[in-house]
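These are the residues of each chain, in order.
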Amino acid sequence: MIDVLVIGGGNAALCAALSAVEHGARRVVVLESASRAERGGNSIHTRNIRVMHDSPMGYLTDAYGEDEFFDDLIRVTGGKTTEELARQVIRASSECPQWMQRHGVRFQACLGGTLHLSRTNNFFLGGGKALMNAYYRSAESLGIQIQYDSPVERLEIDRKGFQAAWVSDKAGGAHRLPAKAVVVASGGFESNREWLREAWGPAADQFLIRGCRFNQGVLLRDLIAQGAQSIGDVTQGHCVAIDARAPMYDGGIVTRIDCVSLGIVVNKEGQRFYDEGEDFWPKRYAIWGRLVAQQPDQIGYSIIDAKAQGRFMPPVFPGESAQTIEALAVKIGLHPDALGKTVSAYNAAVVAGRFDHAVLDDCHTEGLTPPKTHWAQRLDTPPFTAYPLRPGITFTYLGVKINNKCQVLFDDYSENLFAAGEIVAGNVLGQGYVAGVGMTIGSVFGRLAGQQAALAALRRHQEELCI
Amino acid sequence: MSGAFTPIVRHTDATLEAARAMGICNSCRYCEGFCAVFPAMERRLEFTAESMHFLANLCHNCGACYHACQYAPPHEFAIEVPKAMAAVRKETYAKFATPGWLGRLYQQQGVALVAGSIIGFVVIFLLAFILAGKETEKLFLAASTEQLFYDITPHNVLVGLFGPIFLFSVGAMAMSGYRYWRLLNGLANEEAYPLAEARQTLSDIVQLRYLDGGGQGCAQDNDQPTQQRRIAHQMVFLGFMLCFASTSVATFYHYGLGLVAPYAMTSLPKLLGITGGLLMVIGCVAALVQRRRRHEALTDPTQTAMDIGFVTLLLVVAVSGLLSMVLRSTAAMPLLHLVHLSTVLTFFLLMPYCKFVHGLYRGLALWWHNREQKNPTRLQLSDG
């Protein structure tokens with residue numbers, strides 16, 4: 001019989017599987033719903049992990065202590081977190097890099113354009129797919145059995161806990177796979193359009209999914225239906241404004257549009273709707289998905305002039321350009337007069353200041369609603385360029401509630417049913433996001449769940465021997 | 001003025017595909033730590049044909065970026081940087097060949113290899129039979145005297161044949177290198193730091209720094225990085241340099257010191273040549289075995305003939321050279337010696353038109369890269 005069954009194939013799942021073997025589980029099986037070529041879930045799109053450290057550590061500079069990390073979390077979540085679990089994640093994060101390196105993961109200095117993360121975030125050499133490749137190689141060398149193309153449709157749970165997983169096969173049926181313990185690390189539900197629609201209404205039809213198409217939330221729904229306590233709001237998650245021309249799935253990092261704070265953003269009526277210069281872009285990009293989602297037809301346009309060219313990370317798709325604002329409006333399908341009026345009003349409201357994109361400068365508007373509080377420069381130098389924006393969902397926060405051993409909570413905790421990764425992210429992230437914390441949660445809870453599952457399997461084994 | 005020396009480089013299907021990939025990579029940048037290509041890419045927002053001929057030659061084909069790529073097939077972006085860069089390098093080799101029309105040889109790689117070999121063998125054997133005159137049996141006899149070596153192929157004849165061809169090939173490559181360097185200089189006005197650049201470039205070449213995927217090695221048949229390819233390449237490289245040194249020392253002995261070959265086993269030319277030959281044999285065999293196992297996504301299928309043919313040619317040069325020395329007192333020696341000379345002649349003829357030139361363009365590209373890196377970027381991309 002399988003000691004530890006791991007459901008999922010991303011970072012948390014592989015951390016759980018590796019950790020289970022390290023803690024004495026003999027037969028560990030990983031069920032990945034994707035094929036070998038598409039394995040790794042959303043983790044292949046990641047690039048770093050936020051790590052607590054009291055002194056410089058590898059490429060991580062200076063120190064980033066528990067309280068500062070926790071404060072950052074409180075700030076972005078507005079306090080919607082479980083302090084005990086959040087602190088547990090933060091403390092254990094400091095041990096992650098060394099463990100990761102033991103399994104073949106390599107780190108690098110922070111990437112170009114991410115200097116602001118050099119103190120807090122440890123970057124994977126080659127990004128998340130290289131990280132996942134290393135974990136899979138390590139898993140194979142430790143004798144962990146990886147089964148690809150193996151989506152699980154439901155769990156068999158009784159009073160004694162988890163009994164078996166039912167694995168779909170290609171013929172449309174399912175087979176039963178019993179195990180002594182299970183770790184559910186099968187991600188959120190962001191690829192499930194119907195579920196998004198239940199949460200967001202028809203607006204969800206316009207959402208792009210930045211990650212893989214496999215996160216259908218099948219086991220999240222199954223667990224909640226079987227009595228698992230849920231945590232988090234169904235509409236909360238990581239939702240950014242990305243290029244509207246991005247692919248429906250797996251657009252990943254390249255679809256981001258980083259020129260919002262350098263220009264203005266209008267909706268399809270040609271109207272501005274939020275302060276584009278509220279704060280540094282890395283601190284604000286995660287609110288723009290939600291902002292665009294609230295606009296008619298869930299579309300926005302970031303508009304810049306020639307002064308902004310070459311000042312932001314190059315977008316993957318070229319923008320539409322024109323010599324006048326009116327011509328640009330025609331090109332992107334907006335009403336020329338409406339856009340012309342918006343730009344004129346904005347230009348008239350700009351107060352001259354000293355432009356400096358590296359600080360919260362004094363370039364702002366006066367008497368304009370909504371205002372632009374920093375980096376406000378007139379749009380007066382052709383060519384003018386527009387990038388279309390749509391909400392892009394990275395991951396969702398609705399999950400199952402766990403205790404400090406990653407045991408899924410029903411009326412009581414379950415002895416041998418553990419969860420880790422995005423499916424439990426809501427325990428720490430009630431809302432908002434801070435870069436790299438998804439991987440922190442996945443790595444810490446993945447390792448912990450694997451360890452606890454190995455111990456649970458051992459207990460089962462001993463119980464059986466006693467009988 | 002540059003038009004007279006520098007070929008006009010236009011976008012082709014190959015450079016456009018590589019530029020498309022770079023456009024996506026430039027928005028991602030996860031591979032920045034692997035090699036020189038990505039830091040060089042990040043200094044650019046547009047990927048002209050010229051810049052692609054630069055970036056492609058920086059790529060050592062280690063494969064790390066392919067395996068790490070979230071946009072590799074089956075993703076619809078279908079990014080395959082190593083393959084795209086290999087295809088552009090083929091065009092660099094053809095485009096910058098001197099004389100230009102012989103650049104076609106790089107596009108007809110099989111033909112070039114076969115034709116070169118035929119010419120090499122026919123010339124040497126014809127020469128040997130003519131020189132032997134009525135004494136053809138000498139070509140099938142064991143060496144009875146020390147002098148037999150030059151009985152078959154007199155020293156002056158060899159120098160008269162190989163010297164001009166070698167000089168032509170070196171001259172042609174120097175011209176190609178000059179024209180490529182002009183292209184690199186046309187990319188931007190960068191301030192030169194010759195000493196530091198030279199030191200860094202030499203170190204990059206000697207260590208083969210960028211064939212290690214950022215310190216972990218280079219992929220073969222799967223995503224597991226290994227150092228095998230780097231080791232094999234450097235064995236061939238070092239072996240080749242030792243053989244070259246052996247020939248140079250022998251030439252000095254001959255003309256400078258009046259010492260005529262063959263030399264004793266413990267002499268410098270012999271020691272250098274034997275060590276070099278052995279390194280080349282082991283390195284070439286290893287490289288050929290590795291080439292067979294290489295992941296198909298990392299190679300340009302239109303260059304298989306050259307990849308395999310070039311290494312095989314080096315292998316035959318080394319093996320025949322070693323054998324003709326080991327079997328010098330047997331009847332096989334004269335023929336082995338002629339085979340060795342034929343393959344060396346083939347190599348000299350093909351030098352500017354075969355894979356050998358990868359070292360020239362890559363060396364220059366690395367040099368330019370090291371210059372660029374010493375200059376601050378012109379871009380003002382902010383992360384704020």
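Residues numbered from 1 in each chain as written. Chains lettered and ligands numbered in written order. Predicted model: local features only at pLDDT ≥ 70, side-chain atom pairs only at ≥ 80, totals over all residues.

Turning our eyes to something else, we now look at the overall build of chain B. What chain B contains, in helices and strands, is 16 helices and two strands. The globule rule puts the C-alpha radius of gyration for 384 residues at 21 Å, and the 23 Å found for chain B is close to it. Considering only C-alpha atoms, chain B reaches an extent of 80 × 50 × 35 Å along its principal axes. Across the 384 residues in chain B, those meeting the buried criterion constitute 45%. A separation of at least 24 residues holds for 75% of the contacts in chain B among residues at least 6 apart in sequence. (Helix = DSSP H or I, 4+ residues; strand = E, 2+ residues; numbered from the N terminus. Rg over C-alpha atoms; globule rule 2.2 N^0.38 Å. Buried ≥ 20, exposed ≤ 12 C-beta atoms within 10 Å, placed from the backbone. Contact = placed C-beta atoms within 7 Å.)

What follows is about the overall build of chain A. Looking only at helices and strands, chain A features eleven helices and 21 strands. For chain A, whose C-alpha radius of gyration is 24 Å, the value lies close to the compact-globule estimate of 23 Å for 467 residues. By principal-axis analysis of the C-alpha atoms, chain A measures approximately 85 × 50 × 40 Å. Among the 467 residues that make up chain A, the fraction classed as buried is 55%. For chain A, the share of sequence-separated contacts (at least 6 apart) that also reach a separation of at least 24 residues comes to 75%.

Looking now at the interface of chain A and chain B. Often, the extent of an interface is quoted as the loss of accessible area on bringing the components together. Counting residues at the interface gives 37 residues for chain A and 31 residues for chain B. Secondary-structure elements contributing two or more residues to the side of chain A that touches chain B are helix H5 (128-141) and helix H8 (281-293) of chain A. For the side of chain A that touches chain B, the element with the highest residue contribution is H5(A), accounting for four residues. Across the side of chain A that touches chain B, the residue classes break down as 18 nonpolar, twelve polar and seven charged. (Nonpolar A, V, L, I, M, F, W, Y, C, P; charged D, E, K, R; others polar.)

On to the domain arrangement of chain B. Residue and element names in this part refer to chain B. Each assigned domain of chain B is listed with its residue range as follows: domain 1 (2-97) and domain 2 (108-358). Centre-to-centre separation of domain 1 and domain 2, based on C-alpha positions: 29 Å. With 29 residues of domain 1 in contact, the opposing surface of domain 2 contributes 27 residues. Top contributing element to the side of domain 1 that touches domain 2 by residue count: helix H6 (residues 81-95), with six residues. Tallied by class, residues from the side of domain 1 that touches domain 2 come to 16 nonpolar, nine polar and four charged. (Domains from an automatic or database assignment.)

All names here are of chain A. Read across the sheet, three strands follow the order E3-E5-E4 without closing on themselves; strand pairing throughout is antiparallel. With partners counted over all chains shown, the strands left at the sheet margins are strand E3 (48-50) and strand E4 (107-108), one partner each. As paired elements, E4 and strand E5 (residues 121-124) share two bridges and run antiparallel to each other. Bridge pairing in E5 links Gln108 to Phe123. (Pairing = 2+ DSSP bridges.)

What follows deals with the environment of A:Gly188. With respect to the helices and strands, the residue A:Gly188 is situated in the loop between strand E9 (174-184) and helix H6 (193-200). As for A:Gly188 and A:Asp54, which are separated by 134 residues in sequence, their C-alpha atoms are 32 Å apart.

Residue and element names in this part refer to chain A. The domains assigned to chain A are domain 1 (2-236 + 397-466) and domain 2 (239-392). Of note, the centres of domain 1 and domain 2, computed from C-alpha atoms alone, are 35 Å apart. Each side of the interface is counted separately: domain 1 has 17 residues, and domain 2 has 18 residues. The residue inventory of the side of domain 1 that touches domain 2, partitioned by class, reads eight nonpolar, seven polar and two charged.

Take unusual backbone geometry next. When glycine is set aside, most residues are seen to have a negative phi, and most peptide bonds are trans. For the bond running from A:Thr369 to A:Pro370, omega is -10°, close enough to zero to count as cis. Tracing the chain through its elements places A:Pro370 in the loop between strand E17 (364-365) and strand E18 (384-396). Cis geometry is found at the peptide bond from B:Pro73 to B:Pro74, where omega equals 10°. With respect to the helices, strands and loops of the structure, B:Pro74 is situated in the loop between helix H5 (64-67) and H6. A positive phi is found at A:Asp62, a non-glycine position, where the angle reads about 55°.

Residue and element names in this part refer to chain A. Neither face of strand E2 (residues 28-31) is exposed, since Val28 and Val30 on one face and Val29 and Leu31 on the opposite face are all buried. With four bridges connecting them, strand E1 (residues 2-7) and E2 associate as parallel partners. Paired with Leu5 across the strands is Val29, a residue of E2. Handedness of the β-α-β unit built from E1, helix H1 (residues 11-22) and E2 comes out right-handed. Alignment of E2 against strand E6 (residues 145-147), held across three bridges, turns out to be parallel. Considered in E6, the bridge of Leu31 is made with Gln147. (Right-handed = clockwise from strand over helix to strand, strands pointing away.)

Here we take up the environment of A:Val330. Along the chain, the position of A:Val330 falls in helix H9 (residues 325-332). Taking the C-alpha atoms as reference points, A:Val330 and A:Ala63, separated by 267 residues in sequence, lie 51 Å from one another.

Attention shifts here to helix H13 (residues 268-293) of chain B. An ideal rise of 1.5 Å per residue puts 38 Å on 26 residues; H13(B) measures up with 38 Å between its terminal C-alpha atoms. Among the residues of H13(B), those classed as buried are B:Pro269, B:Leu272, B:Gly273, B:Gly276, B:Gly277, B:Leu279, B:Met280, B:Val281, B:Gly283, B:Cys284 and B:Ala287. (Expected span 1.5 Å × (residues − 1).)

Our next topic: the packing of H9(A) against helix H10 (residues 336-349) of chain A. All names here are of chain A. Two numbers describe how H9 lies on H10: the axes approach to 8 Å, and their chain directions differ by 135°. Between H9 and H10, the crossing angle belongs to the class labelled oblique. As H9 packs across H10, the resulting crossing turns out to be right-handed. Residues Ile325, Glu326, Ala329 and Val330 of H9 form the contact with H10, whose participating residues are Pro336, Leu339, Gly340 and Val343. (Axes fitted to C-alpha atoms, helices over the stretch in contact; angles between N-to-C directions. Parallel < 35°, antiparallel > 145°, perpendicular 65-115°, else oblique. Left-handed = near helix turned anticlockwise from the far one by under 90°.)

Residue and element names in this part refer to chain B. Locating Gly217 in the fold gives a position in the loop between helix H11 (194-207) and strand E1 (218-219). Residues Gly217 and Cys62, spaced 155 residues apart in sequence, show a C-alpha to C-alpha distance of 7.7 Å. When sequence neighbours within four positions are dropped, the list of residues in contact with Gly217 reads Asp212, Pro225, Thr226, Gln227 and Arg230.

Within soluble globular proteins, side chains that are nonpolar tend to cluster in buried spots. With 250 residues, the main nonpolar core has A:Val4, A:Ala16, A:Ala17, A:Val182, A:Val183, A:Ala419 and A:Ala453 as its most contacted residues. The residues contacting A:Val4, other than those within four sequence positions of it, are A:Ala20, A:Ala25, A:Val28, A:Ala179, A:Ala181, A:Val183, A:Gly450, A:Ala453, A:Ala454 and A:Ala457. (Core = buried A, V, L, I, M, F, W, Y, C linked by C-beta atoms within 7 Å.)

Turning next to the pairing of strand E12 (residues 237-243) of chain A. Residue and element names in this part refer to chain A. Among the seven residues in E12, seven count as buried, and that is most of the element. Relative to E18, E12 runs antiparallel, the two being bridged by seven bridges. Looking at the pairing, Cys239 lines up with Ile393 of E18.

A word on the packing of H1(A) against H5(A). All names here are of chain A. Their axes nearest at 10 Å, the elements H1 and H5 cross at an angle of 25°. When the axis of H1 is compared with that of H5, the two are roughly parallel. Crossing handedness for the pair H1 and H5: left-handed. Contacts between H1 and H5 involve Asn11, Leu14, Ala17 and Leu18 from the first element and Met132, Tyr135, Tyr136, Ser138 and Ala139 from the second. Of the residues belonging to the contact of H1 with H5, the class tally is seven nonpolar, two polar and no charged.

Here we come to H6(B). Here H6(B) contains 15 residues, and its C-alpha end-to-end distance of 21 Å stays within 8% of the 21 Å for a straight helix at 1.5 Å per residue. The buried count for H6(B) comes to 14 of 15 residues, which makes it a mostly enclosed element.

This part is about the confidence of the model for chain B. Taken as a whole, chain B shows an average pLDDT of 91; of its residues, 95% reach a score of 70 or greater. The ipTM, which scores confidence in the relative placement of chains, is 0.95 for this predicted complex, and the corresponding pTM is 0.94. (pLDDT = per-residue confidence, 0-100.)

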